[in-house]
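Residue-level listing of the chains:
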Amino acid sequence: MAKVLDNASKLGLEKYPRQESRDILYGTAGFRTRAENLPHILYRVGLLAVLRSKSKRGAAIGLMITASHNPEPDNGVKLIDPFGEMLQQSWEKFATRLANASDTELYSVLLAIAEAESIDWEARALICVGQDTRPSSPDLAQAAITGITVMGGEVKDYGVVTTPMLHYFVASINTDGIYAEATEDGYFKKMTTAFKKLRGDKPSNGNYVPSILFDGANGVGALKMKVCLSYLGDSLQVQLYNDGNGKLNHLCGADYVKVQQCAPHGVPRITNARCVSVDGDADRIVYYYTDECDKLHLLDGDRIATLVADYLMELVQKSNLGLQLGLVQTAYANGSSTNYISKTLKAPVACVPTGVKHLHQKALEYDIGIYFEANGHGTVIFSDFATKRICCAAEEPSLPKKQLCAIRTLAAIIEAINQTVGDAISDLLILETVLHARGWSIQDWEAAYTDLPNRQLKVTLKDRRVIETTDAERKSVAPPGLQDQINLFVRNVPNGRAFVRPSGTEDIVRVYAEADTQANADQLALQVASAVYQLAGGVGSPPALE
Ligand code: 16G
Ligand code: MG
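Here we summarise the structure given alongside this text. Note that this is a predicted model, so its numbers are computed, not measured. Going along each chain's sequence as written, the residues are numbered from 1 onward. Chains and ligands are labelled by the order in which they are written, letters from A for the one and numbers from 1 for the other. Predicted model: local features are reported for residues with pLDDT of at least 70 only, side-chain atom pairs are reported and counted for 80 or more only, and whole-chain, interface and lining totals are derived from all residues. Only hydrogens and water are removed before side-chain values are computed, so all heavy atoms of the structure are retained for them.

### Comments concerning the site of ligand 1
Counted only if it meets this: Here, proximity means that at least one heavy atom of the residue falls within 4 Å of the molecule or strand. For this analysis, a polar contact is any N or O atom pair within 3.5 Å, provided that within protein one partner can donate a hydrogen and the other can accept it, and provided that sequence-adjacent residues contribute only side-chain to side-chain pairs. Per-residue and other accessible areas were derived by the Shrake-Rupley procedure at a 1.4 Å probe size, with only the shown protein chains allowed to occlude residues. Polarity classes work like this: nonpolar for Ala, Val, Leu, Ile, Met, Phe, Trp, Tyr, Cys and Pro, charged for Asp, Glu, Lys and Arg, and polar for all others, with Gly in that last group.
Around ligand 1 sit 13 residues in total, of which Glu373, Ser503, Gly504, Thr505 and Arg510 are the nearest. In the environment of ligand 1, an oxygen atom lies 2.4 Å from a nitrogen or oxygen atom belonging to the side chain of Glu373. With respect to ligand 1, the backbone of Gly504 contributes an N or O atom lying 2.6 Å from an oxygen atom. When isolated, ligand 1 has an accessible area of 450 Å², and the protein chains bury 91% of it. Class assignment of the residues belonging to the shell around ligand 1 gives a composition of two nonpolar, seven polar and four charged.

Written out as structure tokens, the structure is:
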């Protein structure tokens, strides 16, 4: 043991010494910063991954190198736990401690973690490594692999993959059952076979046409969609744009479309055509179209959740298996979507703090849990109980035809969805299935409800931690007086709602406001941002509408 640790700390000093940089936090998306500050971090995350795997008696752990939708010069890393879920929260602290230790402290920090977790040094360790398409990713992967190797861990290097593919592979290695073989071929074969089964032999239906324009953000999503196409055959026509020749995430991709509320560059404007954008590591997806006046219509994660919920609820009713379905959103969900879920769909809907781990955790409480962040990250989770009921009933030919058909559809959806985490490609296949089944165009989908106009603003503070929130980030408890002010502003506008929260990924706080009109939403956002700036120690110029 001492020899392993000694090795690790020595090698770390020689090859990957700690660089002069500020302390870094393992946040909602792991470590993320400029790529040049990351080599020693990757090395240390490699060391930690081995401890994590050993602590799970040799279960495979994932190590994904990506900075998702961030600009190309950034990069990042996050660890994936054995069932394909995000790293357990208590280990986030270990990651932060190890990343910020001085070179001389490295040995003792590793030892302290090993002791705290009663690590069995004899246990094996298997780490699955994946990377996105950034130019900095291969060297960073090498740093991680060095860390894993000096600690005696085994490496399974998947090369360039989407984040959700790596989650899927890790879950597949560690579990028997619903996941396919842990290879790219296994993954695509399983998903697309189920998709084709769901689609039947008629790719068109009513207003639905089996053809989309796909914005790949010039990242791994484009690369893997290309592979997926060879499995899809004639079942879906996908025109690929931003397929990797341009700059990653630059003026394109799901985050750009959602945040800037404009169509991505590099995709032709074809009036009313159904288009999708994914982000730089393909774990988010949004749909959009541009109308006759060249106006963008965005169908984001809230719309995706409601579309999928509406469809699954009908199947659940027809299946008569007594399964309970629920949705999970964050405070960013448009008020109209929440209203639609509770009043029209009459489904339970929970609100949790921002970050996939919170949504995923809550969704596990339902037989069928649907979670989506407004930004397009989400999936559907079937509990073991629901999976068993559905899969057993699907083998009961004596059931009435309509019921059996609904049950078999649910069984095929279980095969097509990546339940470990939001997966743009798998989500796309599910959404295309629902639209096809409904016979809907993207405009039919949009007609379900009207979004409340909303506005987001950023405020820079001396220390963003002075903002403290409660009630799933919907209310602030510090600094004193801030929530009273927000309440006052909100009361003055019809359908007003606003909140403020410190970002988990940037050194800013975010303000969200919605109201009956865009002018009122803008005014509310500005009032709240100004109050934050005054009461919480704003720096730089006072907030303004961009
Ligand atoms: C991260 C989160 C995402 C969240 C976003 C919020 C994961 C895998 N990703 O990207 O879910 O919406 O952070 O960013 O959890 P913010 O804290 O800067 O608003
Ligand atoms: Mg992403």
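From this point, the discussion proceeds with the structure in view.
### Describing unusual backbone geometry
Counted only if it meets this: Only runs of H or I of at least four residues qualify as helices and only runs of E of at least two qualify as strands under DSSP, and these elements are numbered from the N terminus. Under the scheme applied here, a residue whose accessible area is under 20% of the maximum for its type counts as buried, over 50% as exposed, and between as partly exposed, the area being computed with a 1.4 Å probe on protein chains only.
Ala478 connects to Pro479 through a cis peptide bond whose omega is 0°. Position of Pro479 among the secondary structure elements: in the loop between strand E17 (475-478) and helix H17 (482-491). In this structure, Asn272 takes a positive phi of about 65° despite not being glycine. With relative accessibility at 28%, the residue Asn272 sits in the partly exposed group. A positive phi angle, close to 55°, is found at Lys346, a residue other than glycine.

### With respect to the packing of aromatic side chains
The condition is simple: Classification of ring pairs rests on two measures: the distance between centres of Phe, Tyr or Trp rings, Trp counted by its six-membered ring, which must be within 6.5 Å, and the angle between planes, read as stacked under 30 degrees, edge-to-face over 60 and tilted in between.
Applying the stated rule across the entire model yields 14 aromatic pairs. Between the aromatic rings of Tyr158 and Phe169, the centroid separation amounts to 4.5 Å while the plane-to-plane angle is 25°, which identifies the pairing as stacked. Pair noted here: Tyr158 is in strand E5 (residues 154-160) and Phe169 is in helix H6 (residues 163-174), with a separation of eleven residues, a long-range link. Taken individually, Tyr158 and Phe169 each receive the classification buried, so the pair is uniform in this respect. Summarising the aromatic geometry, the rings of Tyr332 and Tyr512 are spaced 5.8 Å apart at their centres and angled 90° between planes, so their arrangement reads as edge-to-face.

### Describing the sheet that holds strand E19 (residues 509-514)
Rules: When DSSP locates at least two bridges between a pair of strands, those strands are taken to pair. Axes here mean lines fitted to C-alpha atoms, for a helix over just the part in contact, with angles spanning 0 to 180 degrees between N-to-C directions. Any two residues whose heavy atoms approach within 4.5 Å are treated as being in contact.
Spatially, three strands are ordered E15-E19-E18 in an open sheet, and the strand pairing comes out antiparallel. Both outer strands of the open sheet, strand E15 (454-459) and strand E18 (497-502), are each paired with one neighbouring strand and no more. Looking at each pair of strands side by side, their axes are set apart by 15° on average, direction ignored. Contacts from helix H18 (residues 518-535) reach E15, E18 and E19 within the one sheet, and its direction differs from that of E15 by about 20°.

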